[in-house]
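Secondary and tertiary structure notes
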Amino acid sequence: MAAEKKHIQKEVVIIGAGMAGLTAALYAGRMNLRPLVLESGLIGGQIANATGIENYPGLPGVSGRDLIAAVQEQAEGFGAVIDEFDPIQRVSLKETPKCVETESFVYETDVVIIASGMERRRLPLTEEKKYAGKGVHYCELCDGHMYQDKVIAVMGGGNAAVDAANFLTKYARKLYLVHRSQLRADEISREKLRENKKVTVLLETEIKALHGDSRLERIGILDKTSGESRELAVDGIFVNIGVSPNTTLFKDEIALAADGRIPAGEDCRTAIPGVFAAGDVRQKEVRQLTTAAADGTTAAILAEKYLANRKRGNVLW
Ligand SMILES: Cc1cc2nc3c(=O)[nH]c(=O)nc-3n(C[C@H](O)[C@H](O)[C@H](O)COP(=O)(O)OP(=O)(O)OC[C@H]3O[C@@H](n4cnc5c(N)ncnc54)[C@H](O)[C@@H]3O)c2cc1C
């Protein structure tokens, strides 16, 4: 028979140790709330592997690793406990206390700050796994430098894809942008791409297959207009076909927005009292490090107010 899980009482549990979750932990720790941060993977989230971040105020060129290490140290210095590689099995958010259950523990808590961020959508081809990191990439800032004077293809047609393509032209000898319909990116980015002689844009074109021995050597593409299939020789591809918010765990507890994010305003309060959404997981227009840090700040400060009000018998949200 499986052993009974140990129940642990907390005031604040934070889900996710990216910029939003770590900032919330820093603030909550500083207010003596002894927050617990549960992270299913590696601490740091999306920015962990980025090389030179040019737009974080006051720290030009800082690497994702150094920035995250500094915020983690600050949060732990204020008493936050960060539990890495501890996947959450289920949550129950509507009642108080709320429950967050991992393999070994059930955490009972008054406040949950959801800061689980998002992930890039994977290429829906069975061979994708075989070539991941060996020609198939998702982060141009992290891996682009591996393709100096090589042939690159970028998949996707939104702003992120076109910006990635523009960025990668600094390394590529030749770059293809492959998209299954028309480009949706802003005109200014499209214009920049069109002006670059290294670039060929293939619209109404779908990627159908990946080929190569130990690493990617060619991609199979289908021209949807002519119906013609052919192969392109490439050294690497960068996939930019959208993102998925990490909200599967919450879908039975919170009504999610159409894009899968958690609806919450600038105050980060969700529809459930005591539950906040911070960072890229929150439904909002601008998703950057600074906005993730801002959300973490807001959620932690309003969490402290919520807890203080409850102690005074005022349960208003
Ligand atoms: C390649 C790249 C480069 C970027 N460059 C810049 C830049 O230069 N400047 C800038 O401002 N922004 C940049 N961004 C955007 C920026 O990284 C994000 O806006 C920001 O990191 C979002 O932080 P977050 O904490 O909300 O989410 P995330 O960074 O996504 O962190 C969420 C964390 O939650 C964890 N998690 C998910 N689900 C669970 C679960 N069920 N249980 C426990 N933990 C969970 C994840 O493992 C992750 O660690 C970049 C993004 C990428 C991908």
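Structure: see above.
Criteria and thresholds
Residues numbered from 1 in each chain as written. Predicted model: local features only at pLDDT ≥ 70, side-chain atom pairs only at ≥ 80, totals over all residues. Helix = DSSP H or I, 4+ residues; strand = E, 2+ residues; numbered from the N terminus. Buried ≥ 20, exposed ≤ 12 C-beta atoms within 10 Å, placed from the backbone. Contact = placed C-beta atoms within 7 Å. Axes fitted to C-alpha atoms, helices over the stretch in contact; angles between N-to-C directions. Left-handed = near helix turned anticlockwise from the far one by under 90°. Nonpolar A, V, L, I, M, F, W, Y, C, P; charged D, E, K, R; others polar. Core = buried A, V, L, I, M, F, W, Y, C linked by C-beta atoms within 7 Å.

This brings us to the overall build of the protein chain. Across its full length, the protein chain holds seven helices and 17 strands. Taken along its principal axes, the extent of the C-alpha atoms in the protein chain is 70 × 50 × 30 Å. Counting the 317 residues in the protein chain, one finds 38% classified as buried. Considering only contacts in the protein chain between residues 6 or more positions apart, those separated by 24 or more positions represent 61%.

Turning our eyes to something else, we now look at the packing of helix 5 (residues 159-168) against helix 6 (residues 187-195). Running from N to C, helix 5 and helix 6 cross one another at 35°; their axes reach a closest spacing of 9 Å. Two packed elements cross with a definite hand, and for helix 5 against helix 6 that hand is left-handed. When helix 5 is examined against helix 6, the residues N159, V162, D163, A165 and N166 are found in contact with a partner set consisting of S189, R190, K192 and L193. Taken together, the residues of the contact of helix 5 with helix 6 break down into three nonpolar, three polar and three charged.

The biggest cluster of nonpolar side chains holds 52 residues, and the ones touching the most others in it are A24, I113, I114 and F276. For this core, the secondary-structure elements that each account for two or more residues are strand 1 (6-15), helix 1 (19-30), strand 2 (36-38), helix 2 (64-77), strand 6 (105-114), strand 17 (275-277) and helix 7 (289-311). Per-element accounting of this core gives the leading share, eight residues, to helix 1. In this structure, Y131, A161, A172 and I207 belong to the second largest nonpolar core, which totals 30 residues.

In this section: the packing of helix 1 against helix 7. Running from N to C, helix 1 and helix 7 cross one another at 35°; their axes reach a closest spacing of 7 Å. Between helix 1 and helix 7 the crossing geometry is right-handed. Where helix 1 abuts helix 7, its residues M19, A20, G21, T23, A24, Y27 and A28 lie against L289, A292, A293, D295, G296, T297, A299, A300, I301 and A303.

Keep in mind that these numbers describe shape and distance, not what the molecule does.
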